[in-house]
Amino acid sequence: MMHKRTCTRKDLKQLLGHLNFASRVILPGRAFVTYLYKLMSTVKESYHYVHLNKEYKADLQMWLEFLTNWNGIHLFYDNQLTTASSISLYTDASSTIGFGVFFKNKWFYDKWPEELPNKQIPGTSTRSRDGSNTLSATVRVFLDCTIDSLWKYSLSNNTTSVYKTGIELYTRFLLLDGLTWDKDSLPPVSETLLMRFVAYCAEHKQLCHSTIKLYLCGIRFHFLKYGGFNPLISFGKPLECLKTILIGLKKKQGSTVKRKRLPITMSILSKMCKLLHTCIFGNFNSIMLEAACTTAFFGFLRCGEFTVMNQFDPECNLCCSDLQITADCIFVTLKKSKTDPFRQGITIPLYKTGKVFISHVKLGLSCDSYNGHSFRIGAAISAQEARLEDHLIQTLGRWLSNCYTRYIHTSPNVLKKAQKQLAETDRS
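Residues numbered from 1 in each chain as written. Predicted model: local features only at pLDDT ≥ 70, side-chain atom pairs only at ≥ 80, totals over all residues. Heavy atoms only, no water.

What follows concerns the packing of aromatic side chains. For any pair of aromatic rings, the description rests on two quantities: the centre-to-centre distance and the angle between the ring planes. One pass over the full model with this rule turns up 11 aromatic pairs. With 5.3 Å between their ring centres and 85 degrees between their planes, Trp 151 and Phe 221 make a pair best called edge-to-face. In this pair, Trp 151 sits in helix α4 (residues 137-153) while Phe 221 sits in helix α7 (residues 209-227), placing the two residues 70 residues apart along the sequence. For Phe 221, a relative accessible area of 16% corresponds to the buried category. Three or more aromatic residues link up through ring pairs in this structure, and these residues are Tyr 170, Phe 173, Phe 197 and Tyr 200. The aromatic ring of Trp 399 is capped on one face by Arg 376, whose charged end is 4.2 Å from the ring centroid. (Phe/Tyr/Trp six-rings, centres within 6.5 Å; stacked < 30°, edge-to-face > 60°. Helix = DSSP H or I, 4+ residues; strand = E, 2+ residues; numbered from the N terminus. Buried < 20%, exposed > 50% of the residue type's maximum accessible area, 1.4 Å probe, protein only. Lys NZ or Arg CZ within 6 Å of the ring centre and 35° of its normal.)

Its volume calculated, the second largest pocket comes out at about 1200 Å³. Lining the second largest pocket are 39 residues, with Ala 291, Thr 294, Thr 295, Ile 330 and Leu 350 sitting closest to its centre. Those elements giving two or more residues to the lining of the second largest pocket turn out to be α10 (283-298), β8 (323-325), β9 (329-334), β10 (346-351) and α12 (374-385). Here the lining of the second largest pocket takes 11 residues from α10, the largest share from any one element. (1 Å grid on protein atoms, 1.4 Å probe; cavity = no way out; pocket = protein on both sides within 12 Å on 5 of 7 lines; lining within 4 Å. Points joined across faces, edges and corners; volume = space filled by probe spheres on them.)

Grouped together as the largest cluster of nonpolar side chains are 27 residues, with contacts concentrated most on Phe 375 and Trp 399. Those elements that provide at least two residues to this core are α9 (266-276), α10, β9, β10 and α12. The leading source of residues in this core is α12, at 6 residues. Once you skip the residues sitting within four places of it in the chain, Trp 399 turns out to touch Phe 300, Arg 376, Ala 380, Ile 393, Gln 394, Tyr 404 and Tyr 407. Membership of the second largest hydrophobic core comes to 23 residues, among which are Leu 193, Ile 212, Leu 232 and Leu 242. (Core = buried A, V, L, I, M, F, W, Y, C linked by side-chain atoms within 4.5 Å. Contact = heavy atoms within 4.5 Å.)

So, on to the confidence of the model for the protein. Residues with a pLDDT of 70 or more make up 83% of the protein, whose mean pLDDT is 79. Across the protein, the element-wise mean pLDDT spans from 71 in helix α14 (residues 412-423) up to 94 in helix α6 (residues 191-203). Taken as a whole, residues 125-132 scores under 50 in pLDDT and shows 14 contacts with residues more than four places along the chain or in a different chain. (pLDDT = per-residue confidence, 0-100.)

Here strand β3 (residues 89-93) runs beside strand β4 (residues 98-103); their pairing, made up of 5 bridges, is antiparallel. Pairing of Ala 93 across the sheet is with Phe 99, part of β4. Count of turn residues in the β3/β4 antiparallel hairpin: 4 residues. When β4 meets strand β5 (residues 106-111), the two strands line up antiparallel, connected through 6 bridges. Residue pairing across strands places Phe 102 opposite Trp 107, the latter belonging to β5. Counting the residues in the hairpin turn of β4 and β5 gives 2 residues, including Lys 104, whose phi is positive at 50 degrees. (Pairing = 2+ DSSP bridges.)

Across 3 bridges, the pairing between β8 and β9 is antiparallel. Of the residues in β9, the one forming a bridge with Leu 323 is Val 332. Counted between consecutive antiparallel strands, the loop separating β8 from β9 contains 3 residues. Bridge analysis of β9 against β10 gives 6 bridges, and the strand direction is antiparallel. What sits directly across from Leu 334, in β10, is Ile 346.

Dropping the structure here:
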């Protein structure tokens, strides 16, 4: 950043975030971020470029001096703000007459200089006041940065990605419909446009009802964030026409065949581990895969809780430090989970079972029928087959409701046995 002539508002905002964090330790550094906030306020959008002048580089050079040579001694000794009332200082002014000051039983007043244009004299009230009651531009920019971060924290990364896809598809649809709008303003929105968008997604993009509803939520979030209103409601009530066609779309797509999500049960897991014992993928990879599969099964893990989507992030993904190994148990701590939105952390105990896999069988399973949830589904089914009580299955899988019952598939053999028992019931 020192050698650049320009940068985007987003890059400058990220730099200010790091400097503000460092200012908690380097207190004098706070005096050298004010101009950076002022510089960032010269543009509006995050993709707009900011010209980096000499003043910017001088402040940044001071920060480099702090970070390399600061010895922990404060340059400004008094870190308490002094109020005007504590030193008996009061001021007041009129935009048409002049100004006055009272300080420790002494006062003076004067008229505004004639060479000062009227437009440079701010409108003031005649009411006495203790210092300034307005926020400075720097404070406003800082508060706006805080609001942006709160908007970001309100959604998970996956939800943010889906919402972004939804609003991008909506804007492309509007362009195809021949609509245009200013780049600095929000795209047009109405109930009619939203209904056409739903029809476009269903017929041209072949999207299912649930995906379209997520995209509509993304449109709602975008307009709430940048426009301050919810386009999916009118006078406090949902848009009835839009609601009705969504119901119709759901009924129309009711016969849609859902993608299979077959379970990886205990018997399948045994075969997988036995095959991995032959080091089919090499010694290291086979051991790693066996550890991942058994941890996912006995921990009832979701796919995103033990795998990495794009790039490893130690703040979210599993690390060696998240494991605590004892004589008969391994404690796995999940830093991020679907049922832990505040990231307080969840610890899952995995006890030693002494289970030995003895059969050597090629699996021959179709990969199209299994996905990341297969371990979780299989663990729930295996727990049910082992006749574990419902509340234990719910606790093991960290379900907050009885939705775990949707994971338990009832096999035809179980139904056959149930009907047989029903037929043998004493009718007397």
